[in-house]
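Residue strings, one per chain:
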Amino acid sequence: MSLLLPVVVFAPAIAAFLLLAIPDSQKAATRAVSLLGATISLLGSIKVALDYDRSAGGLQMGYDLPLLPTLGIHLNLAVDGWGASLLLLTGIIIFAAVLASFTVARRDKEFFIYLLVLVSGVFGVFVAQDLLIFFLLYEIAVLPMYLLIGIWGSSNKVAEDGPFRYVWSLLDVGGREYAAMKLTLMLLMGSAAILVGIFWLYLEAGATSFDLAELARHEYAEPTQLIVFPLFWLGFGTLAGVFPFHTWSPDGHASAPTAVSMLHAGVLMKLGAFGVMRVGMVLLPEGTHAWAPIVGAVAVINVVYGAFSAMSQKDLKYIVAYSSVSHMGVVMLGAATLDSTAWNGAVFQMFAHGVMTGLLFALVGLIYERSHTRIIATMGGFGSVMPVVALFFTLACLSSLGLPGTAGFVAEMMVFLGAWRVGHPIWAIAGIVGAFVTAVYVLRASRTIFWGPGPSEKFEHLHDAHGSELVAPIVLGAAIVVFGVWPRLILDLIDPSTSANLAVITRVIGGGQ
Amino acid sequence: MTLTTCLLLASALFSVGVYGLLTRQQLVAVLVSVELMANAANIVLVAFSHFTASPLGQVFTLFALAITVAEVAVGLALALLLYRTHASSRLDAAKEMNG
Amino acid sequence: MRSPLSEAPLAALVAVLAPALAALLLAVLPMVRRRGAPAAWICLASSVASLVSAGLLLAGQLGEAEPMAWTTSWLTLDGQGLGELGVNVDGISASMLVVVTIVALCVQVFSVSYMHDEPPDAYGRYFTYHALFLFSMNLLVLAPDLLQLFAGWELVGVTSYLLIGFYYRKPSAGRAALKAFWITKLADMGFILALAVLFTSTSAFRFDAELSTPLANVVAGLLFFAVVGKSAQFPLHIWLPDAMEGPTPVSALLHAATMVAAGVFLVVRADPIFAHAPDTREVMLVVGSLTALFAAGLATVQTDIKKVLAYSTCSQLGYMVAALGAGSTLGGYFHLTTHAFFKALLFLSAGSVIHAVHSNELADMGGLRKRMPLTATAFIVGSLALAGIPGTAGFFSKDLVLAALEGRMGWLPYVALMTTAFLTAFYMGRVVLVAFFGEARGKADHAHESGALMLGPLAVLAVLSLGVGYFGAHFAEVTATGEYHLHFGMTPAIASGLALGGFALAYAVFGGGRDASGVGVLALLDGAARSALVDRTYEALYRHGMLNAAAAIGWFDRYVMDGLVNLSGWLTLVAARSLRRLQSGFAPDYVFAVVLGALALAAWGYLS
C-alpha cells in the first residue's frame, strides 16, 4: 500500500490545520506553511506522474482505509492515467495559486485555510475510487468557494442601462455576494442531481459498497441508464459549465480573487468534466450511447456561444471566464464522440486549458493590482510598461487559440480529428470555427491592452511583474510550452486509461460509435 | 377498574391539557396545561404497566416525572424572563419572530 | 521511415534546432535580449549554422545521397504513435531549406545595419523573432508529414503576426498584424479539416497518402483553401499589402521570399495528393491566373514602393499557383526559388532606399541613381529578373510556367499570365524610372549610399537573381519534380517581347524625368476600387457580422440565459415573502399547528 496518494491529497489539508495554530500576525509563517503544503502536493503529483507504470495502465498506487466498513465506505485512493495527469495539473495550479495569493492582505490566514482545504478536496476527487468519498470530496472542493468569493472577492457592478437597471439593482447583480451565492446554489443543484444518481445506482446494483469498480460491474437496466446519465451529465456538467448551466461561471470567476479564479477555472471545472467521463460515461454505457448526440450538440453550443459571448465582453475577467465556457465545451465535445482520439484530446484539453486559464487569470490579477481596472477599453499601450506580462499574456492567448507548440493545439486538434473520424463533421467544424473566433477575441483583447502608443498618464507609473510574482507565470508558461512541444509526457499517461475506459463502453454498446 | 376507564381518564385529561394549551395566553397557564398532557401520558404508561404486569411502564413513568420536574424548572425560568423583558407573562407579548 | 538517431541526418537537425535554441535563449534571457547586439550575434550564428547544414544537405542530395528521414511519433493513440515529428531530407526539402536559409541570412545581415537606430530592447526583440521564424520555417520545410508541416505553418503565421506588429506602438501596425493573422487563420481552418479528412481515411498525415480521386479532391481542395490564405491569393490576398507595416527586411523575408511561398511549397510537397485531384487543380489554375493578373493591375497604381512590391508578390505567387494548377510542379517550384531571390533583392534594395530617404512614397524619391548607384543597380537587376528579361533567373522560371499553360482552358490563363508579364514590366519600369531616374524630389536630396552590411546581401542576392536560372536542369533532377528543358518556341519570344514592351511603355509614360503624379492609367483604378470592395466586404463581415453577432449573443446570455437564473432567484424571493406570513411568531399558533398535525396523523392512521 503506497502512502504517496494520501500525502498528495492531504498535505494541503494538514497545512491548513497547521495554519490554525499560527497567530494571525505571523504573515510570513502563514505563507511559508501554505506554500509548503502546496509544494509537497506538487512534488508528490510529479512523482505520481513519473512513477505511474505507463505500460501496465489501470489503477495504481492504491491506498485503502475502511472508514465505515458496515456501510462499505472505504477511503479508497488509487490513480489511473487520467487521474495522474489531472493531479499534476492540480499540483501546478495550486502551487501557482498560493504564490499568486501572497498579496492577499485582509484575513489572509483564513483565506489560505479555505484555499488549501478546497484543493485537498480537488486532489481527492481525482483519485477517490469510492463513490461516496468521491462525492464528499467533491463537495469539499465546491463549498469553500462560497466563502472565498463572498469574503475576498471583488464587486464589479457593471452600470446597467435600460429597463433592467431596476431589476438588476434589486438582485445585486454583479456584487460578490451575488456571484458567490449564484455559484454555490447552481453547483449545489448539480450536486443534488449527482447524489440522487449515486444512490439510485447503489440501490439498483444491490451493492455492498460504493466502490466504483464494483458499481461498474453491474449492468443497469435501460430506464435507469437513460434517467441517471443526464443526472450525472447535468450534475457534474454544471461545474464544467455545460450550457445552459454555465451562467455561474462568468460572474463567479470575475468576482473571485485571483487565486480562486485560477483554481476554479483551472481545476474545478475539470472536476465536472472528469466526473461526467469517469463516473457518468463509464458506469452507464447505454445511457451514454443514447445521450451522446445531445451531449455533443450542447457542447457545440458551448464552444461557439461561449466564444461569441467572450467577444462581446468589455471586462477582461469576463472575457477569460467566457473563454473557459468555450474551452470546456471542447472537452465535452471530445467526451461525447466516444472516440479514443477525441477522448485523449478531451483529457489533454482539461490539462491544457487548466494551465492556460490559470496563467491568464494570474496575469489579469497582476494587471488589476496595478491598474485597478478591468475594463479593457480604458487600457492600452501596457506593453511598453510591462513587457513581461505582455509576453506571458501573448503566450496564453496563443495557447488559447490552439497554436502548435502550445498545449492547446494538441488538445483541440485531437478532439477535432476524433469528432470527424466518428462521423460528426458538424461538431468538428463548429469546434474549428470556435477556435477561429477565439483567435479573433483573444488577440483583439491582447492588442487593445498591450499594443498601441504608450499608456495614458494615469497608467504611466505601472511597473512590470517582478520577484515572486514572476514564479507563477513562469511555471504555468513553461508548462504550456513543454507539454505543447512534447505532449507525450502526459498523452502516454492518458492513452491507456482512455483505452480501458472506452473499452467498457464499446463492450456494452457493441463497438458501434 | 378496567384498562378502558384508565385510558378514558387519560384522554380526558389530555384533551383538557390541549384545550388549555390552545386557549390560554398566560405562560404559567400554558405550563400547567402541558403538565396535564404529560401526566395523561404517564397515566397511560402506568395503566398498561398494571394490566400487562410489566414493571417497565412504571419505571419509565418515574423517569418521565424526573424529567418533567426539570422541564417545569426551565419553563418557569422562561416565564420569569419573559416577564422581566416584556413586563408581561402573556405569550402574545413575545412576537419578535413573526415573518 | 524510422531509423535510429545515429543514422539521423544530423545536419537537418542542426538546421532546425540551431535557430530554435537561439530563439529559446533569447526568450528566456531578457538581459541578453535587451542589450541588443548580442541578440543579433546569437541569431546570426544560428542562421549561419542552419545555412551550412542546409548546404551540406543539398550537396548530399546533389551527390548520390539517398533521401533520409529521422522521425519519432509526436502523439499517442490507442497505444501507438500518431503524427511524425522529425526531419525529412530529400531533394525538395533540401533545396527549399537552402533558399530559406540563404535569404534569411541575407536579410538578417541587412537588418543588423537597417535596424541599427532601434532602441536595444527592440533590436533584441527583432532578432528573437527572426530566430523564431527561421526555426518555424525550417520545421515546415523539413516536415516528414502534414501535421508537422501544419505546426510550422502556424508558427510562421505567428512570427509574421509578431513581426508585422513589430512597431506595436503604431495603431496601423497593430491592425495590420491582426488582419494578417485572422485572414490566414481563417484559411487555416481548411488545413485542419484536410488533416481531419486525411486522418479519417488513412489514420496518418502522410504527404503521399493513397487517396481515391474524390477524396483527394476534397483533401487537396481544403489544403488549397489554406494556401489561398497563406500565399495571398484572391480573394484572401488583402492581408499582404497591409503586412508592409512591418520593417522592410521582414517584408523581404516573410512576405515575399519565404513564408508566403510556404503555401506553394505545401502544394509541391503534397504533390502525390494533388496529382489525384484534377478538379482542385482546375480551381488552382483559375485562382492563380486571376490573382496574377488582378494583383499586377493593382501594382501599377500604387504610390508606395513597398505596396508595389507587395502586389507584385501576390501576382508572382499567382504564377506559381497557376503553374501547379496546370500540373507543372517543376514550373511552380522553380519559380518559387528564383522569385525568392529576386523579390528579396527588390525588397532589400527598396529597404536601402527607404533607409536613405525615410519614406515609402515614390513621390519622395527620384534621381537616386546618382546618389545610390549600387542600390540602384541591385534594384534594376531585380526588376529585370522579375520582368523575365532573357538571361535573368525570372526568364527561365517564367518560361516553364507559361509553357505549362499552353492550350489550357482555351488559352485564357495563358493570355492572362502573358498580360501579367507585360504589366509586370510596366510597373517595375515605372518604379525604376520614378525612383532612380529623373530629378531628385523632396527628401531624396539628402540620400546617400548604404553601408557594406546592407550592400553585401544585395550583391549576393543580385548574383543569385542573375545566375540561378541556369541551374534549372540540376534543380529538376534533385527535386525530381519533372523534366527540365528550355523552350525555344513562341512562348519565350512573346514573353520577352511583352516584357520589353512593358518597359518601353513605362519609359514612354514616365521616362525623361516626367512627374510621377501623371500616372495616367485611370482604367486600372477600377482595380483599386475593386480591392477596396474586397476589403470592405471583409470589414463588413467582421464589423456587422461577427461583432454584431457577438453583441447579440452577449446580450442574450446576460439578459435571457442569466435572466432566467435571476428570475428563478427572484421568484424564490417573492414566494418566500408571501410564505413567511405563515410564521406568525406566536407560540400558540405553532402549538395549534402541532395539534392539527397530530390529529391529521391520527385520522390517517384510523382511516387506513
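Calculation notes
Residues numbered from 1 in each chain as written. Chains lettered and ligands numbered in written order. Predicted model: local features only at pLDDT ≥ 70, side-chain atom pairs only at ≥ 80, totals over all residues. Helix = DSSP H or I, 4+ residues; strand = E, 2+ residues; numbered from the N terminus. Rg over C-alpha atoms; globule rule 2.2 N^0.38 Å. Buried ≥ 20, exposed ≤ 12 C-beta atoms within 10 Å, placed from the backbone. Contact = placed C-beta atoms within 7 Å. Nonpolar A, V, L, I, M, F, W, Y, C, P; charged D, E, K, R; others polar. Axes fitted to C-alpha atoms, helices over the stretch in contact; angles between N-to-C directions. Parallel < 35°, antiparallel > 145°, perpendicular 65-115°, else oblique. Left-handed = near helix turned anticlockwise from the far one by under 90°. Expected span 1.5 Å × (residues − 1). Pairing = 2+ DSSP bridges. Core = buried A, V, L, I, M, F, W, Y, C linked by C-beta atoms within 7 Å.

### A short note on the overall build of chain B
A tally of regular secondary structure across chain B gives three helices and zero strands. Along chain B, from the amino end to the carboxyl end, the secondary structure elements read α-α-α. In terms of C-alpha radius of gyration, chain B reaches 17 Å, well past the compact-globule figure of 13 Å for 99 residues. Taken along its principal axes, the extent of the C-alpha atoms in chain B is 50 × 25 × 25 Å. With 99 residues in all, chain B has 15% of them scored as buried. Taking the intrachain contacts of chain B between residues at least 6 apart in sequence as the baseline, contacts between residues at least 24 apart amount to 46%.

### Examining the overall build of chain A
Summing up its helical and strand segments, chain A has 21 helices and two strands in all. A globule of 513 residues ought to have a C-alpha radius of gyration of about 24 Å, and chain A, at 22 Å, matches this closely. Taken along its principal axes, the extent of the C-alpha atoms in chain A is 70 × 55 × 50 Å. Within chain A, the fraction of its 513 residues that count as buried is 64%. Counted over contacts in chain A with a minimum sequence separation of 6, partners at least 24 positions apart contribute 81%.

### Structural notes on the interface of chain A and chain C
At the junction of the two partners, chain A supplies 44 residues and chain C supplies 43 residues. Put simply, the parts of the chain that give the side of chain A that touches chain C at least two residues each are helix H7 (164–171), helix H13 (285–312), helix H15 (340–371), helix H18 (407–421), helix H19 (425–450) and helix H21 (488–509) of chain A. Top element by residues in the side of chain A that touches chain C is H19 of chain A. It accounts for eight residues. Per-class residue counts for the side of chain A that touches chain C are 25 nonpolar, 12 polar and seven charged.

### Some thoughts on the packing of helix H10 (residues 248–257) of chain C against helix H15 (residues 329–357) of chain C
Residues and elements named next belong to chain C. Taken N-terminus to C-terminus, the directions of H10 and H15 make an angle of 160°; their axes are 8 Å apart at the nearest point. The angle between H10 and H15 falls in the class roughly antiparallel. Our pair here, H10 against H15, has a crossing hand that is right-handed. Residues Thr248, Pro249, Ser251, Ala252, Leu253, Ala256 and Ala257 of H10 pack against Ala340, Lys343, Ala344, Phe347, Leu348, Ala350, Gly351 and Ile354 of H15. In terms of residue class, the contact of H10 with H15 is built from 11 nonpolar, three polar and one charged.

### Here we look at the arrangement of the chains
The structure contains two pairs of chains in contact, of which chains A and C account for the largest number of contacts. No part of chain A reaches chain B; the closest C-alpha pair between them is 20 Å apart.

### Some remarks on the interface of chain B and chain C
With 10 residues of chain B at the contact, the number on the chain C side is 12 residues. For the side of chain B that touches chain C, the residue count by class is five nonpolar, two polar and three charged.

### Brief notes about the environment of Met281 of chain A
Residues and elements named next belong to chain A. One can find Met281 in helix H12 (residues 258–283). Judged by local crowding, Met281 falls into the buried class, with 27 C-beta atoms found within 10 Å. A sequence separation of 101 residues divides Met281 from Ala180, and the C-alpha atoms of the two residues are 30 Å apart.

### Remarks on unusual backbone geometry
In this chain, Phe243 of chain A is followed by Pro244 of chain A through a cis amide linkage whose omega measures 0°. Residue position: Pro244 of chain A is located in the loop between helix H10 (222–239) and helix H11 (248–255). Phi is positive for Ala87 of chain B, which is not a glycine, with a value near 55°. With respect to the secondary-structure elements, Ala87 of chain B resides in the segment after helix H3 (56–86). Here Ala87 of chain B falls in the exposed class, since 8 other C-beta atoms lie within 10 Å of it. One non-glycine residue, His358 of chain C, adopts positive backbone phi at about 60°. Mapped onto the secondary structure, His358 of chain C falls in the loop between H15 and helix H16 (368–371).

### Considering the environment of Leu75 of chain C
Following the sequence through the fold, Leu75 of chain C ends up in strand E1 (residues 68–77). Under the C-beta neighbour-count criterion, Leu75 of chain C is labelled buried, with 24 such atoms within 10 Å. Leu75 of chain C sits 15 residues away from Gly60 of chain C along the chain, and the two C-alpha atoms are 31 Å apart. Among all residues touching Leu75 of chain C, those that are not within four sequence positions of it are Val410, Met414, Pro487, Arg488 and Leu491 of chain A together with Leu82 and Gly83 of chain C.

### Regarding helix H24 (residues 587–607) of chain C
Its 21 residues give H24 of chain C an end-to-end C-alpha distance of 30 Å, which sits within 8% of 30 Å, the value for a rise of 1.5 Å per residue. Counting buried residues in H24 of chain C gives zero out of 21 residues, a small share hidden from the surface.

### Description of the packing of H18 of chain A against H19 of chain A
To characterise two packed helices, one gives the angle between the axes of the helices and the distance between these axes. Residue and element names in this part refer to chain A. It is at 7 Å that the axes of H18 and H19 come closest, and there the two elements cross at 155°. Put simply, H18 runs roughly antiparallel to H19. Classified by chirality, the crossing of H19 by H18 is left-handed. The segment H18 lies against H19, with Glu412, Val415, Phe416, Ala419 and Trp420 engaging Pro425, Trp427, Ala428, Gly431, Ile432 and Ala435. Residue composition of the contact of H18 with H19, grouped by class: nine nonpolar, one polar and one charged.

### A closer look at the pairing of strand E1 (residues 60–68) of chain A
Residues and elements named next belong to chain A. One ladder, built from six bridges, connects E1 with strand E2 (residues 73–79); its direction is antiparallel. Bridge assignment links Leu68 to a residue of E2, and that residue is Ile73. In this structure, the hairpin formed by E1 and E2 is closed by a connection of four residues, where Gly72 is found at a positive phi of approximately 70°.

### Brief notes about the nonpolar core
The nonpolar side chains of soluble globular proteins are, as a tendency, buried together. Membership of the largest hydrophobic core comes to 443 residues, with the highest contact counts inside it found for Leu195 and Ala344 of chain C. Per element, the largest residue contribution to this core is 19 residues, and it comes from helix H7 (residues 171–202) of chain C. Excluding anything up to four places from it in sequence, Ala344 of chain C contacts Val103, Cys106, Val107, Ala252, Leu253, Ala256, Ala257 and Leu461 of chain C. Grouped together as the second largest cluster of nonpolar side chains are six residues, Leu21, Leu27, Val30 and Leu31 of chain B included.

### Considering helix H18 (residues 393–405) of chain C
Residue and element names in this part refer to chain C. The end-to-end C-alpha separation of H18 is 19 Å, in line with the 18 Å expected for 13 residues at 1.5 Å each. Most of H18 sits inside the fold, with 13 of its 13 residues counted as buried. After H18 finishes, the residue Gly407 shows a positive phi value of roughly 80°.

### Overview of the pairing of E1 of chain C
All names here are of chain C. In terms of residue burial, E1 counts as a mostly covered element, since seven of its 10 residues are buried. Pairing between E1 and strand E2 (residues 80–89): nine bridges, direction antiparallel. The partner of Leu75 across the bridge, within E2, is Leu82. With antiparallel pairing between neighbouring strands as the criterion, E1 and E2 make up a hairpin whose turn holds two residues, including Asp78 at a positive phi of roughly 50°.

### A look at the environment of Val125 of chain A
All names here are of chain A. Position of Val125 among the secondary structure elements: in helix H4 (residues 108–127). Once the C-alpha coordinates of Val125 and His246 are considered, the two residues, 121 residues apart in sequence, prove to be 21 Å apart. Beyond its immediate stretch of four places on either side in the chain, Val125 contacts Phe134, Leu137, Tyr138, Ala141 and Leu271.

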